[in-house]
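Given next are the chains, with one letter for each unit.
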Amino acid sequence: MLNAFAYPLPIPDPLQLTEEHILGQIKQLSPYKAPGPDGILNVVLQKCSDMLAPRLLHIYRAILKLKIYYDLWREFTTVVLRKPGKPKYDTAKAHRPIVLLATVAKVLTALVADDISRLTELYQLLPPTHFGRRPGRSTIDVVSYLVQRVQKAWREGQVASVLFLDIEGAFPNAVMDRLIHNLRKRRVPTVYLDFVKQLLQGRRTRLKFNDFLSELPDITNGIGQGDPLSMILYIIYNADLLEVTSDDAHTSSLGFMDDVVILATGNNFVETTNRLQQMLDKEDGAIQWSAEHNSNFEVSKSVVMHLTRKTQPDPENERAPST
């Protein structure tokens, strides 16, 4: 099915990297952040940036031009961290995997991530209501947009229903073929498309938690959470989910990374609930997106909220009439 898709022309490849790009990226690094398998701290690059930048420039340009990748950079460490506040930690869901890349490789992926992010804004490649990790947008914008839509419905004498969806295991479950399809569909430049293909081939990782360090199994799926590229790749990966409401005047959607909200308005809650159900069940709807992207919705975190301007007493807390 993906092979038959008619892809639009990609954005032209950007200008080549310069030493100034590399120096600027190295300067932004956290100096003592935990290193990857190479053991090189960011501060080493920062202290030697003037000497290293000209050499890194030739290496990075060759990688992008020749569509290759240094094999040892495909090996990384996945640190398993406990999510705070969990009642127990004997399940995988109570932990968060963070990828630690080779330091020199991380500079290159950060440069590519920054430029893809720049191009997505310049060419408007993403849904306007996708707020996660985009310049000039924040969680406050998500709340403001949602409040604005609900209040608009109330002014028109309508009610609103909101469906909150959380994608389970978002980054590790991403399918590589589908990611490449979405990058092409969103017109990402060919040079970056080829880079992502090379980056995600033949990857290997060791799991590390407490004093345990695993063997080095192959990784055939997923986007490395902690890789500078992971955020922009994932919001492109799930952008289609926000477009399930694009053809309906009574529904809208917004997202922040792997959290997605679908809002429906109508004359009553029967209408709004039916519209939410339609957004899930229709062709190219949320359920189909979930199946095609290997991305299940976390049932325990899925919530529907009904919002109306009308108020009535809570019968359970209503006072008994006085005698």
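Since this is a predicted model, take the numbers as computed values, not measurements. (Residues numbered from 1 in each chain as written. Predicted model: local features only at pLDDT ≥ 70, side-chain atom pairs only at ≥ 80, totals over all residues. Heavy atoms only, no water.)

## Structural notes on empty space enclosed by the protein
Taken as a whole, this structure holds 1 cavity of 30 Å³ or more when the rule is applied. Empty space within the largest cavity amounts to approximately 110 Å³. Contributing to the lining of the largest cavity are 13 residues, with Leu 101, Leu 199, Leu 200, Arg 203 and Asp 227 lying nearest its centre. (1 Å grid on protein atoms, 1.4 Å probe; cavity = no way out; pocket = protein on both sides within 12 Å on 5 of 7 lines; lining within 4 Å. Points joined across faces, edges and corners; volume = space filled by probe spheres on them.)

## Re the pairing of strand E4 (residues 203-209)
As defined by bridge partners, strand E1 (residues 75-82) adjoins E4 across 5 bridges and the pair is classed as parallel. Counterpart to Val 79 in the pairing with E4 is Lys 208. Bridge analysis of E4 against strand E6 (residues 218-219) gives 2 bridges, and the strand direction is antiparallel. Note on E6: the bridge partner recorded for Arg 204 is Asp 218. As defined by bridge partners, E4 adjoins strand E5 (residues 212-213) across 2 bridges and the pair is classed as antiparallel. For Lys 208, the partnering residue across the bridge sits in E5 and is Leu 213. A loop of 2 residues connects E4 with E5, the two strands running antiparallel in sequence, and Asn 210 in this loop sits at a positive phi of about 55°. (Pairing = 2+ DSSP bridges. Helix = DSSP H or I, 4+ residues; strand = E, 2+ residues; numbered from the N terminus.)

## Notes on the environment of Leu 263
Relative to the elements of secondary structure, Leu 263 occurs in strand E8 (residues 259-266). Taking relative accessible area as the criterion, Leu 263 reaches 0% and is therefore assigned buried. Setting aside residues no more than four positions away along its own chain, Leu 263 makes contact with Leu 146, Arg 149, Val 150, Ser 161, Val 162, His 250, Thr 251, Ser 252 and Leu 276. (Buried < 20%, exposed > 50% of the residue type's maximum accessible area, 1.4 Å probe, protein only. Contact = heavy atoms within 4.5 Å.)

## A closer look at the layout of surface pockets
The calculated volume of the largest pocket comes to roughly 1,200 Å³. For the lining of the largest pocket, the elements supplying multiple residues, two or more each, are E1, strand E2 (95-100) and E4. By residue number, the principal contributor to the lining of the largest pocket is E2, which donates 4 residues. Split into classes, the residues belonging to the lining of the largest pocket amount to 17 nonpolar, 11 polar and 13 charged. Empty space within the second largest pocket amounts to approximately 620 Å³. (Nonpolar A, V, L, I, M, F, W, Y, C, P; charged D, E, K, R; others polar.)

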